[in-house]
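Structural overview for review
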Amino acid sequence: MKINTKHAIIIILPIVLFFILNAVYNARSPVLIVTEESFLQLYSGERAEKEAAKTAAALFRPVKTVTIANDAGFDIVPVAVMDVSPDPYCVIFPLRFARSAKLFAEQNPEITVIILEGSFPDTEKPVELVIGSDISNFFIYKTDINSDFYNAGLASLTLDQGKNGNIVVFTEKNLPQARENFLRALNDRGNLLETRFYTSFMQYSEVSNLSCIVLAGSGADIVENKPGTPVIMFTWIDPSLLPMDIVLVIDDSPWAQALRAVKMASAVEKTGFIKSKFRYIDRKRFGGRLLRL
C-alpha cells in the first residue's frame, strides 16, 4: 500500500506539535496556591482542579494546589510548598497564611509571593503591618469589594425583572462605600428599588414583596424564612452545598483570583484590587438575561 506523504504529514504534524507543546508546558515552573484541608473540602477538590486547569491553560503553565493540614504550624507551610515544587513561578497565599508567606518570602527572595486579602479579612490590621514592608518579593492584592457590590446591584435589578420589589442586603460589617456602590448600580439603570441593609439577622424585621436577598457574610437565617426568594451570596463554598434558592455566587477564592493575580504580579503591580467571579447557579431565574460581570 502506497502511503501519501502529504496525508502522512497532515496526520503526524499535529501529534508532534502536541507533544512539543506538552513538553514545553510541563517544563515551565508552576503557580502554587496554598490552602488548608478544611477549606479545600468546603470549596471542593474537584472544583479546585477545574479552576486550576482553566488558569493553567490561560497562563500556559501548570497551576498546583498545596494542601496544608489544618493543625500544621506556620513554619511547616514553606516546607510543604517546596515539596510540591522547589522552583515555582510564584506562590499564592491567602491572608490567613501571612506568617507562613513572610517566612517563605524571607527564605526564597527570588520567588514571587502573592497574598490575597479577600473580601472580609480576618484581621483588622492592614496586611502590610502583618507581614512588614521590607520584603521586595511581596505582591499584595485585595478583593475589589466595591466593584463586586456594584455588580451585585446590577444582578439584583435583573432578578427583580421590573416588579419593583424590595431588596435586603446583609453584610459582615458596616461597609458604607460598598453600600453606595450597590445603590449606584440601581440608580445607573434608572430604577432605585427599596433596599434595606443589615449587619446581622437580629436587626431584620419582616419585609414584604422581596425580589432579592443579598448575603455578604451574615443573615443566612433569612433563606429558611423566605423560601423561593432568589439569593445572591458572597461565598467561596461549593455551590452544591448551598440552599436551592441561591442563584448567583460571588466567589473571591484564590482559584477565582489566581489568573488576574499572576498577571498583575508579572506586570510588577505591587498592590491592587481584583474582582470576584460571578457564578450563575440558576440561569433561568435571570430570565435568560445573564450579566457579563
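Scroll up for the structure.
Here we summarise the structure given alongside this text. Predicted model, so just to flag it, every value in this text is computed and none were measured. Throughout, residues of each chain are indexed from 1 in the direction in which the sequence is written. Whole-chain, interface and lining totals are the exception, using all residues; otherwise, since this is a predicted model, local features are given only for residues with pLDDT of at least 70 and side-chain atom pairs are given and counted only at 80 or more. With hydrogens and water set aside, each side-chain value is computed from the structure's full complement of heavy atoms.

1. Quick word on the environment of R99
Operational definition: Counting from the N terminus, the helices are DSSP H or I runs at least four residues long and the strands are E runs at least two residues long. Here the term buried applies to any residue with accessible area under 20% of the maximum for its type, exposed to any over 50%, and partly exposed to those in between, with areas from a 1.4 Å probe on protein chains only.
If you trace the backbone, R99 turns up in helix α5 (residues 98-107). By relative accessible area, R99 is classed as exposed at 56%. With 22 residues separating them in the primary sequence, R99 and V77 have C-alpha atoms 9.6 Å apart.

2. Examining the nonpolar core
Taken as a class, soluble globular proteins show a tendency for nonpolar side chains to be buried jointly. For the record, the criterion: The definition of a nonpolar core used throughout is a set of buried Ala, Val, Leu, Ile, Met, Phe, Trp, Tyr and Cys residues joined through side-chain atoms within 4.5 Å. When checking whether two residues touch, look at their non-hydrogen atoms; a contact exists if any pair is within 4.5 Å.
Formed by 24 residues in total, the largest nonpolar core has its most connected members in F149, I167, F182, V214, I232 and F234. Element by element, the count of residues in this core is highest for helix α7 (residues 145-160), at six residues. V214 has contacts with S156, I167, V168, V169, F170, F182, I232 and F234, leaving out every residue within four places of it along the chain. Counting residues in hydrophobic clusters, the runner-up holds 23 residues, among them Y43, Y141, A258 and I274.

3. Regarding the sheet that holds strand β4 (residues 112-116)
Selection rule: Two strands qualify as a pair provided that DSSP identifies no fewer than 2 bridges between them. What counts as an axis is a line fitted to C-alpha atoms, over the stretch in contact for a helix, and the angles between N-to-C directions run from 0 to 180 degrees.
Strand order in the open sheet made by the six strands is β2-β1-β3-β4-β5-β11, with parallel pairing throughout. Unpaired on one side and paired on the other, β2 (63-68) and β11 (271-274) mark the two borders of the sheet. Strand-to-strand, the axes of this sheet are offset by a mean angle of 25°, without reference to chain direction. Note: strand β1 (residues 31-36) against β2, six bridges, orientation parallel. Paired with I33 across the two strands is T65, which belongs to β2.

4. Thoughts on the packing of helix α4 (residues 77-84) against α5
Inclusion rule: Roughly parallel means an angle under 35 degrees; roughly antiparallel means over 145; roughly perpendicular covers 65 to 115; every other angle is labelled oblique. Put simply, Ala, Val, Leu, Ile, Met, Phe, Trp, Tyr, Cys and Pro go in the nonpolar bin, Asp, Glu, Lys and Arg in the charged bin, and everything else, Gly too, in the polar bin.
Following both chains from N to C, one finds α4 and α5 inclined at 60°, their axes separated by 8 Å at the closest point. Here α5 runs oblique to α4, going by the angle between their axes. In this structure, α4 uses V77, P78, V81 and M82 to contact α5, whose residues at the interface are S100, L103, F104 and Q107. Here the contact of α4 with α5 is composed, by residue class, of six nonpolar, two polar and no charged.

5. With respect to the side chain of E51
Note that E51 resides in helix α3 (residues 45-59). For E51, a relative accessible area of 5% gives the class buried. Setting aside anything within four residues of it in sequence, one finds E51 in contact with Y43, W255, K277 and R279.

6. Let's talk about the pairing of strand β10 (residues 246-251)
In terms of burial, β10 is largely enclosed, as six of its six residues are buried. Relative to β10, strand β9 (residues 231-234) is paired through four bridges, and the arrangement is parallel. The partner of I232 across the bridge, within β10, is L248. Pairing analysis gives four bridges linking β10 to strand β12 (residues 277-280), with the strands arranged antiparallel. From the neighbouring strand, L248 faces β12, where its bridge partner is Y280.

7. Let's talk about the packing of α7 against helix α8 (residues 176-188)
Here is the rule: Crossing handedness: left-handed means the near helix sits turned counterclockwise from the far one by under a right angle, and right-handed means the same turn made clockwise.
The geometry of α7 relative to α8 is characterised by a closest axis approach of 7 Å and an angle of 40° between their N-to-C directions. For the pair α7 and α8, the crossing hand works out as right-handed. For the pair α7 and α8, contact is made by N146, F149, Y150, A152, G153, L154, S156 and L157 and by Q177, A178, N181, F182, R184, A185, L186 and D188, respectively. Partitioning the contact of α7 with α8 into residue classes produces nine nonpolar, five polar and two charged.

Purely geometric numbers; function is a separate question.
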